[in-house]
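Secondary and tertiary structure notes
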Amino acid sequence: MPAPAIQMTGIDKRFGAVHANNAVSMTVEKGTVHGLIGENGAGKSTLMSILYGFYHADAGSIAINGKPSLIRTPADAIHSGIGMVHQHFMLVETFTVVENVMLGAEGGAFTARGASAVRAKLQALSYAYGMDVNPDAVVSELAVGELQRVEILKALVKGADILILDEPTAVLTPTEVEKLFVLLRRLAGEGKTIIIVTHKLKEIMAVTDRVSVMRRGEMVGTVETSNSSPADLAELMVGRRVVLTVEKGPANPQGVVLDVKDLTVRDARGTVRLDHVSFQVRAGEIVGIAGVSGNGQSELLEAIAGIRKPAGGAVSLNGELLDCGGRDDPTALRAKGLRHVPEDRHRMGLVKPFEAAESALLGCSDEPGFGSGPFLDRDAVLADCVRKMEAFDVRPADPRLRTALFSGGNQQKIVLAREIERDPKLLLIGQPTRGVDIGAIEFIHKRIIALRDAGKAVLLVSTELDEVLALSDRVLVMCGGRITGERRPEDTNEQDMGLLMAGVSSDAPKVAA
Amino acid sequence: MSEAFQIILLAVDSAIRLSVPLLFACLAGLYSERAGVVDIGLEGKMLIGAFAAGAVASLVPNPWLGLLAAVMASVLFALVHGFASISQRGNQIVSGVAINVLASGLTAILGNAWFGQGGRTPQLPSGARFNEITLPLAEAARSVPLVGEIYYQVISGHSVLVYIALGLVPLTWFLLYRTRWGLRLRAVGENPAAVDTAGLSVTRLRYSAVIMAGILCGFGGAYLAIAQSAGFITDMTAGKGFIALAALIFAKWRPLPALGACFLFGLLDAVALRIQGVSFPGIGQVPVQAIQALPYILTVVLLAGFIGKATPPKAVGVPYLKDRS
C-alpha cells in the first residue's frame, strides 16, 4: 500500500484563549476524495490553513506522500504539490484570468514569456477537463461558477497533486455542484487527492470516499462514507442526536399581508438588480425565496425593509401602500409591524463590540419601558435581554457579555429574539442559519414555524436550498433579479429547482408524479 | 516668430521645470499606493530630501552626493512609514501626517542649528548644483523655425534630473505592466490575500514599493534644493506633495496620465507666476494670493467632477492581516 498523500499528526494550534486545534491527526489516502466536516469553529479551516502553510502549528508534524515536510508558508505548500481553493476566492479582480493564474509563478522577471506559457497550460487543462474559461477575461466580469473554475485551474497549473476545497459549493447552483463533483471524482481517478471541507452532509455523502469529523478543535473520527449516514455524521459533529428534518403541519393562510408589485431596484451604478418582481405573502404562511446568492435576494429584502429605495413598483403592507426607503424608513416600518432579520448579522444585525443587551436593543431604544427622555433605564434593558435570552435559549445567558464573544448561533438567536418577540405582522428573514451550528438550526427553524402557526406572515430568503424547501409553504426562485418560477415544496425536486435557479424559466408548475 | 509663440514656449518651458518635482512625488505615490500603502507623507519625504541635498551639497560641492543624501534621508523616512503601516499595521494616514510634521520641524531646527541662517542652507555655488544641460545641436537648431525653436527652448536646457523624471514615466509603465515585480505589486494593492496564498510575501512587496517611493521623493527633494534653487529654504516643498497626490488621483493611478496631470498642474503654476502683477481689463490687478490659489481651486474642481470616477487600488490604506476564522 502506498504512503498516504497526507498525514497530519498531533497538530496543535491556539489563538489566544481559543484552542482551535487540539492534537488533531488526520490521514488522507492518495487518489481519494476526503471530506472534512464540523460545525462552525470546530477547527477545520484552521487545520486546512495549517496544511497550506497559512498558519503555523504550535506543535505537530505533517508528512506528504510519506515524506516529513516542513510547511511554513504557502510557498512551501505549493512546492509540496498542495493547492487550495479558498471559500472566499483569492483572485485579483482587476486582473485577467492569465494574470491571476501566473501570479507567483511568472517564470522570469518579465511577464511576456510566462504569460504565453500559462495560457498554453490553461488551454490544455480546460480542454482536458471541459472547464471552459476565457484566459483573457477580466476576473471582475466573471460569474461565481467561473471564478471557482479559475481557482481550480490556478492550483492545477501550479502542479497541485493535492487539492483542498473550502466550502466549494456555497455559491453554486445544484447543477454546477453536480459538475464540480464529476470533476473532483475524475481528478481523484487520475491519482490526485482531494480534500473537501463543508458543512453540508448531503454533499459529503455524494462525493467523498472517507469523512473526517471535527468537533471543538478535536478530531472525533474518520469513517468510510459508505458505512455512514447523514444522521450518524451529524451526531458525530454535534455530540448528540439531532433531528435533521423539520416537522411542520399544513399552513393555514389568511389574508394578504405583503403585496409586492413590479418592484424594481437599481444599484448605485444604475444596473438593474431587481426586475419587476411581484408576489404576495399571506398571514400564516412562509414564502421562501431560493436562488444562488447575488441574484437580487438581498436587494429584495432591503427594499421591502426600507433600507434601499426602489426604482419602481409598489409594496403594500396590510393593504396600505408603502413608500419604502422614503417616508417609510425602517423605523416607520417597524411601527407598522414589519420586522427584519438581516442576511448578514455582522454587517447589519448586531454591533459586535456592544454587550449583548445593547445589541438586543438596537432599533428599539425608543420604546417606552427602556427609559424616559434621552435616558436609558439600564436595569430595564438588562432585564429585558435576560428575558429574551431565556426565551431563545441563548448561551451563556449573560446580557453583559460582548456580542462578539457569542457563537454564531447564539448571536443569531439574539437578533431573532429582538425581532420576533415584538410580535411582528410580517417578518423578513434572510439567511436564518448562516454560520449557525446544527443544534441551533433546529431551534431557529422551530421558532420560525411557530411564528407562522401564530398567524404571522414570513418572507424567508436563504441560499440553502434544503432549508427553503423544508420551511416554506411556497417557494419562489430568483435568478438575475427576476422570479423564474413558483413551486410548492412537495411538488418539486432538486433538479427542477436547479433549472429555475439557473434561469431556465418555466411558468407551468410541474405536476407531482 | 511671433511674440505670442515665444511666450507659449517660455510658459511650456517653465511648466516643465515646475512639474518635475510633482512628477517625482506623483510617481512615488503611484508605486506606494498601487501596492496598497497610502502615502500622504510625500511632502515630508521630499522636504527632508531637499534639506539633506542642500546640506550635503553645501559641505561637499558635488550635486551627486547631494542627491545621494536626499535619497538616503527620504528612504529612511519611507522606512519609518513602512514600519508603522506594514509591520505594525498602523493607520497609514496618521503615519503619513507624522512624517510631514516631523520633516517640517526637523529641517527647520537642524537647519538653524547647523547653518544659522534661519533654517536655510548656505547658498550653493554652481559646481554644487545640477546645472542646465544644453543638448547636442541645440545652438545650431535654434535658428530653424518651429521645430528648432521648440528643441532649443523647451527640450534642451534642463538639468539632468528633468530628463530622469521624464524617463521614469515609460520606465514605470514598463515595470508595472511588463515585469514580474509589477504584476505582484499591482496584485498586492488589489488583494493582498491572493498574493499571500500564492506563496508570496505581502510584507516584502509592500516594503519594496514604499522604498521605491522614498527614492523618488528623494529625487524630487534634491531637484527642489540643488537644481531648481541654490540651496534649501524652510518649507520649500510648499504643498507640492499634496498636489502630487491630487495629480495621482486625477491620473487614476496610471503612469502616463500622471505625466499629463503633473504637467497640467505645473502649467497652472507657471501661468500663475506669469500673471502676477498683470492688470486685467475690468478687474484690475488680481491679488497674488488669488493667483497662487488657482492650482488648488482647479484641483478641487477637477477632482469634484471632471475626471469621472477614480477607483483607487482596492486594498489601499488597509493593513494586511491574515483573517483568523
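For clarity, every value in this text was computed on a predicted model and none was experimentally measured.

Taking 1.5 Å per residue, 20 residues should reach 28 Å; helix 12 (residues 255-274) of chain B reaches 29 Å between its end C-alpha atoms and fits that length. Within helix 12 of chain B, burial applies to Pro255(B), Ala258(B), Ala261(B), Cys262(B), Phe265(B), Gly266(B), Leu268(B), Ala270(B) and Ala272(B).

This brings us to the domain arrangement of chain A. All names here are of chain A. Under the domain assignment used here, chain A contains domain 1 (6-238) and domain 2 (256-352 + 408-501). A straight line from the C-alpha centre of domain 1 to that of domain 2 covers 33 Å. Contact residues are listed per partner, giving 13 residues for domain 1 and twelve residues for domain 2. The contact between domain 1 and domain 2 buries some 1000 Å² in all, and 57% of this surface belongs to carbon and sulfur atoms. It is Asn40, Pro174 and Lys202 that lose the most area in domain 1 upon contact with domain 2, and together they represent 41% of the buried surface on that side. Between domain 1 and domain 2 we count three salt bridges in total. Elements represented by at least two residues in the side of domain 1 that touches domain 2 include exactly helix 6 (174-189) and helix 8 (230-238). At three residues, the largest contribution of residues to the side of domain 1 that touches domain 2 is made by helix 8.

Glancing now at the pattern of salt bridges. Two side chains carrying opposite charge are able to pair once their charged atoms lie near each other. Residue and element names in this part refer to chain A. Tallied over the full model, the rule gives 40 salt bridges over all chains. Across the salt bridge formed by Arg119 and Asp136, the nearest N and O atoms sit 2.7 Å from each other. Of this pair, Arg119 sits in helix 4 (residues 111-129) while Asp136 is found in the loop between helix 4 and helix 5 (144-157), placing the two residues 17 residues apart along the sequence. On the basis of relative accessible area, Arg119 is assigned to the partly exposed category, the value being 27%. Here Asp136 falls in the partly exposed class, since its relative accessible area comes to 43%. In this structure, Lys309 and Asp323 form a salt bridge, with 3.4 Å as the shortest nitrogen-oxygen distance. Of this pair, Lys309 sits in the loop between helix 9 (297-304) and strand 14 (312-317) while Asp323 is found in the loop between strand 15 (320-322) and helix 10 (330-335), placing the two residues 14 residues apart along the sequence. Its relative accessible area of 52% is what places Lys309 among the exposed residues. Since its relative accessible area comes to 25%, Asp323 is described here as partly exposed. In the salt-bridge network here, residues are joined through shared partners; they are Arg339, Glu367, Arg418, Glu419 and Arg422.

Before going further, it helps to spend a moment on the pairing of strand 11 (residues 256-266) of chain A. Residue and element names in this part refer to chain A. Note: strand 11 against strand 12 (residues 272-282), seven bridges, orientation antiparallel. Counted as the bridge partner of Leu258 is Val281 from strand 12. The turn linking strand 11 back onto strand 12 is made up of five residues, and Gly270 within it adopts a positive phi angle of 95 degrees. Sheet topology places strand 11 next to strand 14; five bridges connect them, and they run antiparallel. The residue of strand 14 that forms the bridge with Lys261 is Ala314.

Let's shift gears to the packing of aromatic side chains. We describe a pair of aromatic rings using the distance from one ring centre to the other and the angle between the two ring planes. This structure, assessed with the given rule, holds eleven aromatic pairs over all chains. Their ring planes at 35 degrees and their centres at 5.6 Å tell us that Phe24(B) and Phe219(B) sit as a pair that is tilted. One end of the pair, Phe24(B), is in helix 1 (residues 3-34); the other, Phe219(B), is in helix 10 (residues 202-228), with 195 residues separating them in the sequence. Its guanidinium or amino end placed over the ring of Phe443(A), Lys413(A) lies 4.9 Å from that ring's centre, counting from NZ or CZ.

This next bit is on the packing of helix 11 (residues 240-250) of chain B against helix 12 of chain B. Residues and elements named next belong to chain B. Between helix 11 and helix 12, the shortest axis-to-axis distance is 8 Å and the interhelical angle comes to 135 degrees. Between helix 11 and helix 12, the interaxial angle falls into the category oblique. Both helix 11 and helix 12 take part in a crossing whose hand is right-handed. Note on element contacts: helix 12 touches helix 11 through Ala261, Cys262, Leu264 and Phe265, opposite Ile243, Ala246, Ala247 and Phe250. Per-class residue counts for the contact of helix 11 with helix 12 are eight nonpolar, no polar and no charged.

Turning our attention to the sheet that holds strand 9 (residues 210-215) of chain A. Residues and elements named next belong to chain A. Pairing is mixed in the open sheet, where six strands are placed in the order 6-7-8-3-9-10. The outermost strands of the open sheet, each flanked by one partner alone, are strand 6 (82-85) and strand 10 (218-224). Strand-to-strand twist in this sheet, taken as the mean axis angle between neighbours without regard to direction, amounts to 20 degrees. As defined by bridge partners, strand 3 (residues 33-38) adjoins strand 9 across five bridges and the pair is classed as parallel. Looking at the pairing, His34 lines up with Arg210 of strand 9.

Moving on, we get to the nonpolar core. Counting 159 residues, the largest nonpolar core has Leu47(A), Met48(A) and Leu51(A) as its most contacted members. The element that contributes the greatest number of residues to this core is helix 10 of chain B, accounting for 14 residues. The residues touching Leu51(A), leaving out its near neighbours within four places in the chain, are Ile6(A), Met8(A), Ile62(A), Ile64(A), Ile71(A), Ala77(A), Ile82(A), Ile164(A) and Ile195(A). Counting 31 residues, the second-largest nonpolar core is a separate cluster that includes Ile414(A), Leu416(A), Val458(A) and Leu471(A).

Let us look at unusual backbone geometry. Backbone torsion omega between Arg395(A) and Pro396(A) reads -10 degrees, so that peptide bond is classified as cis. The residue Pro396(A) is located in the loop between helix 13 (378-391) and helix 14 (408-420) in this model. If you check the backbone angles, Asp423(A) has positive phi at about 50 degrees while not being a glycine. Along the polypeptide, Asp423(A) turns up in the loop between helix 14 and strand 17 (426-430). Here the phi dihedral of Ala238(B) falls at roughly 45 degrees; this positive angle occurs in a residue that is not glycine.

If you look at the interface, chain B gives 25 residues, while chain A gives 28 residues. Note on chain B versus chain A: buried area summed over both sides is about 2200 Å², and carbon and sulfur give 60% of it. Among the salt bridges present, the one from Glu93(A) reaches Lys314(B), with a minimum N-O distance of 3.1 Å. Between chain B and chain A we count six residue pairs in polar contact (both at pLDDT 80 or more) in total. Breaking the side of chain B that touches chain A down by element, the ones donating at least two residues are helix 7 (160-178), helix 8 (180-190) and helix 9 (192-197) of chain B. Sort the elements by how many residues they give to the side of chain B that touches chain A and helix 8 of chain B lands first, with six residues. Looking at the side of chain B that touches chain A, its residues break down into ten nonpolar, five polar and ten charged.

All right, on to the environment of Asp275(A) then. All names here are of chain A. By secondary structure assignment, the location of Asp275 is in strand 12. Excluding residues that lie within four positions of it along the chain, Asp275 makes contacts with Leu263, Thr264, Gly481 and Arg482. Separated by 2.9 Å, the side chains of Asp275 and His276 make a polar contact.

Residue and element names in this part refer to chain A. One open sheet accounts for four strands, arranged 2-1-4-5; its pairing is antiparallel. Bordering the open sheet on either side are strand 2 (18-28) and strand 5 (67-69), each of which pairs with just one other strand. Ignoring which end each strand starts from, the neighbouring axes of this sheet average 30 degrees apart. When strand 1 (residues 6-15) meets strand 4 (residues 59-64), the two strands line up antiparallel, connected through five bridges. Looking at the pairing, Gln7 lines up with Ala63 of strand 4. On top of the sheet, helix 1 (residues 44-51) reaches strand 1, strand 2 and strand 4; it is set at about 115 degrees to strand 1, its chief contact.

About the cut-offs
- Residues numbered from 1 in each chain as written.
- Chains lettered and ligands numbered in written order.
- Predicted model: local features only at pLDDT ≥ 70, side-chain atom pairs only at ≥ 80, totals over all residues.
- Heavy atoms only, no water.
- Helix = DSSP H or I, 4+ residues; strand = E, 2+ residues; numbered from the N terminus.
- Expected span 1.5 Å × (residues − 1).
- Buried < 20%, exposed > 50% of the residue type's maximum accessible area, 1.4 Å probe, protein only.
- Domains from an automatic or database assignment.
- Contact = heavy atoms within 4.5 Å.
- Buried area = accessible area lost by both parts, 1.4 Å probe.
- Salt bridge = Lys/Arg side-chain N within 4 Å of Asp/Glu carboxyl O.
- Pairing = 2+ DSSP bridges.
- Phe/Tyr/Trp six-rings, centres within 6.5 Å; stacked < 30°, edge-to-face > 60°.
- Lys NZ or Arg CZ within 6 Å of the ring centre and 35° of its normal.
- Axes fitted to C-alpha atoms, helices over the stretch in contact; angles between N-to-C directions.
- Parallel < 35°, antiparallel > 145°, perpendicular 65-115°, else oblique.
- Left-handed = near helix turned anticlockwise from the far one by under 90°.
- Nonpolar A, V, L, I, M, F, W, Y, C, P; charged D, E, K, R; others polar.
- Core = buried A, V, L, I, M, F, W, Y, C linked by side-chain atoms within 4.5 Å.
- Polar contact = N/O pair within 3.5 Å; in protein donor to acceptor, adjacent residues only side chain to side chain.

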